[in-house]
Amino acid sequence: MISSNIKRGSAELAILSVLADQSLHGYEIARRIEQQTGGALHFTLASLYPLLYRMESRGWLRATWGETPAGRARRYYRITAAGRKKLAPLRKEWRELFHALGRLAEAHHA
Amino acid sequence: MRDWEREAQRRLENTNFPAAGRDEVARELADYLEEVSSDAQHRGLKESVSEDRAFTELHEDPHLGANLFRVCQEGNMNDRTKRLWLPGFCILLMTEAVLYSVQLGRFDYLLWLGQGHRWRIAINLPWLCALPVLGAVAAYWSRRNGAGRDVQVAAGLFPLLVFFGNFFGGPGVASLPVRLAFGQHSWGMHQLMVMYLPWILLGWVIIPLAALLLGVLSVLSQSNASLRPAPDA
């Protein structure tokens, strides 16, 4: 079973990664992550919003209200300088973790 | 078509959200649910099935409202720390540090006002000159973290606590009744202190407070100027 810290870490990495180039609203964030991970990572409303709010309160994301073309209120998230600063070491940590797990798996096969 | 904002508000009903905060969260969740529903319809699902899918997502986690409230509370506390406590305490410490370094370095040029009169006010001039800068730094720091005008003023005037500390601690005002009660203070001395108290208050509290306020107001006036629309050409 994957610990909640690892799950949260991977979710934070996913959100920061999709917001690295552009600002997006909540549903679009969830959709992009699902598309880019080939469905391996799937967010629902209950898993996405507490995380977005937490990341916003930590200053990694900034949200602003805008409007949809239909005139509906919509909140857009963008990554902040603090978020970018967090993204680089987070990417490195995960890359190292996957390399380590890969080595472990190969050693087990040998 | 469902009113998703009402559904979301109903979902957040039993939480401790203040009305304004709940409306804002409900509006955001409604937009998400609207998208879930319309996306499912674009993929060929019937309207009723698409709406059911969004409805199920809204009710998937029974603790959704409590979780969102907890995270928002954390955010509010973080904001208060960043906007008030952190700049306020840092400037308070810096105010005290400047005062002590001025005194230790013997740069405390005391300006005596009212020389030769019954009243005399001692003002630590170098320290006084530093106060508008410190007040402005605290207000600016607070503003940079998104604080409103009242919090900027509160952060800028935080060193007021030190002033009162100096006032009560310096001339021994706080311990005066105790010393009088135990006979360690002559009545004449007490009368002398009472006579000078207003001037000590003026020199150590009122004038430094005005200096801090000057710095805070300079930041507030800048923020007003940036808010003012540019005049028409």
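Just so it is clear, the structure is predicted and the values come from calculations on it, not from any experiment.

**Let's talk about the packing of helix 4 (residues 64–104) of chain B against helix 6 (residues 149–156) of chain B**
Residues and elements named next belong to chain B. It is the contact of helix 4 with helix 6, at a shortest axis distance of 8 Å, that shows an interaxial angle of 20°. The pairing of helix 4 with helix 6 is recorded here as roughly parallel in orientation. The interaxial crossing formed by helix 4 with helix 6 has right-handed handedness. Counting all contacts with helix 4, which are made through Arg83, Leu84, Pro87 and Gly88, the residues of helix 6 involved are Val151, Ala154 and Ala155. Of the residues contributing to the contact of helix 4 with helix 6, the split by class is 5 nonpolar, 1 polar and 1 charged.

**Describing the environment of Arg143 of chain B**
As for its position among the elements, Arg143 of chain B is in helix 5 (residues 125–144). Remark: the alpha-carbon pair of Arg143 of chain B and Arg83 of chain B, spanning 60 residues in sequence, is separated by 7.2 Å.

**Some details on the packing of helix 4 of chain B against helix 5 of chain B**
Any two packed helices are characterised by how steeply their axes cross, that is the angle between the axes, and by the distance between the axes. Residues and elements named next belong to chain B. Closest axis-to-axis distance for the helix 4/helix 5 pair is 9 Å, and the angle between their directions is 165°. When the interaxial angle is binned, helix 4 and helix 5 end up roughly antiparallel. Along this stretch, helix 4 crosses helix 5, giving a crossing that reads as right-handed. Taken together, the residues of helix 5 that come into contact with helix 4 (itself represented by Arg83, Leu86, Pro87, Cys90, Ile91, Met94, Thr95, Val98, Leu99 and Val102) are Pro126, Trp127, Ala130, Leu131, Leu134, Val137, Ala138, Trp141 and Ser142.

**Some thoughts on the environment of His42 of chain A**
All names here are of chain A. Residue placement: His42 occurs in the loop between helix 2 (26–36) and helix 3 (45–57). Put simply, His42 and Arg31 are 11 residues apart on the chain and 8.2 Å apart in space, counted from C-alpha to C-alpha. There is a polar contact of 3.1 Å between the side chain of His42 and the side chain of Glu34.

**What to know about the confidence of the model for chain B**
Residues and elements named next belong to chain B. Mean pLDDT over chain B works out to 80, with 76% of the residues at or above the 70 mark. No element of chain B has a lower mean pLDDT than helix 8 (residues 176–181), at 56, and none a higher one than helix 3 (residues 47–58), at 93. Counting interchain partners and residues more than four positions distant, the pLDDT-below-50 stretch residues 227–233 has 0 contacts. This prediction of the complex comes with two scores: 0.59 for pTM and 0.86 for ipTM.

**Re helix 3 of chain B**
The end-to-end C-alpha distance of helix 3 of chain B, which contains 12 residues, comes to 17 Å, matching closely the 16 Å that a straight helix rising 1.5 Å per residue would cover. Here helix 3 of chain B has its buried residues at Ser50, Glu51, Ala54, Glu57 and Leu58 of chain B. Down the axis, helix 3 of chain B shows its buried residues gathered within 120° of arc, on one side only. Turning to helix 3 of chain B, the residues buried within the fold contact helix 3 of chain A together with helix 1 (4–11), helix 2 (19–42) and helix 4 of chain B.

Each value, and the rule that gives it
Residues numbered from 1 in each chain as written. Chains lettered and ligands numbered in written order. Predicted model: local features only at pLDDT ≥ 70, side-chain atom pairs only at ≥ 80, totals over all residues. Heavy atoms only, no water. Axes fitted to C-alpha atoms, helices over the stretch in contact; angles between N-to-C directions. Helix = DSSP H or I, 4+ residues; strand = E, 2+ residues; numbered from the N terminus. Parallel < 35°, antiparallel > 145°, perpendicular 65-115°, else oblique. Left-handed = near helix turned anticlockwise from the far one by under 90°. Contact = heavy atoms within 4.5 Å. Nonpolar A, V, L, I, M, F, W, Y, C, P; charged D, E, K, R; others polar. Polar contact = N/O pair within 3.5 Å; in protein donor to acceptor, adjacent residues only side chain to side chain. pLDDT = per-residue confidence, 0-100. Expected span 1.5 Å × (residues − 1). Buried < 20%, exposed > 50% of the residue type's maximum accessible area, 1.4 Å probe, protein only. Arc of directions from axis to C-beta.

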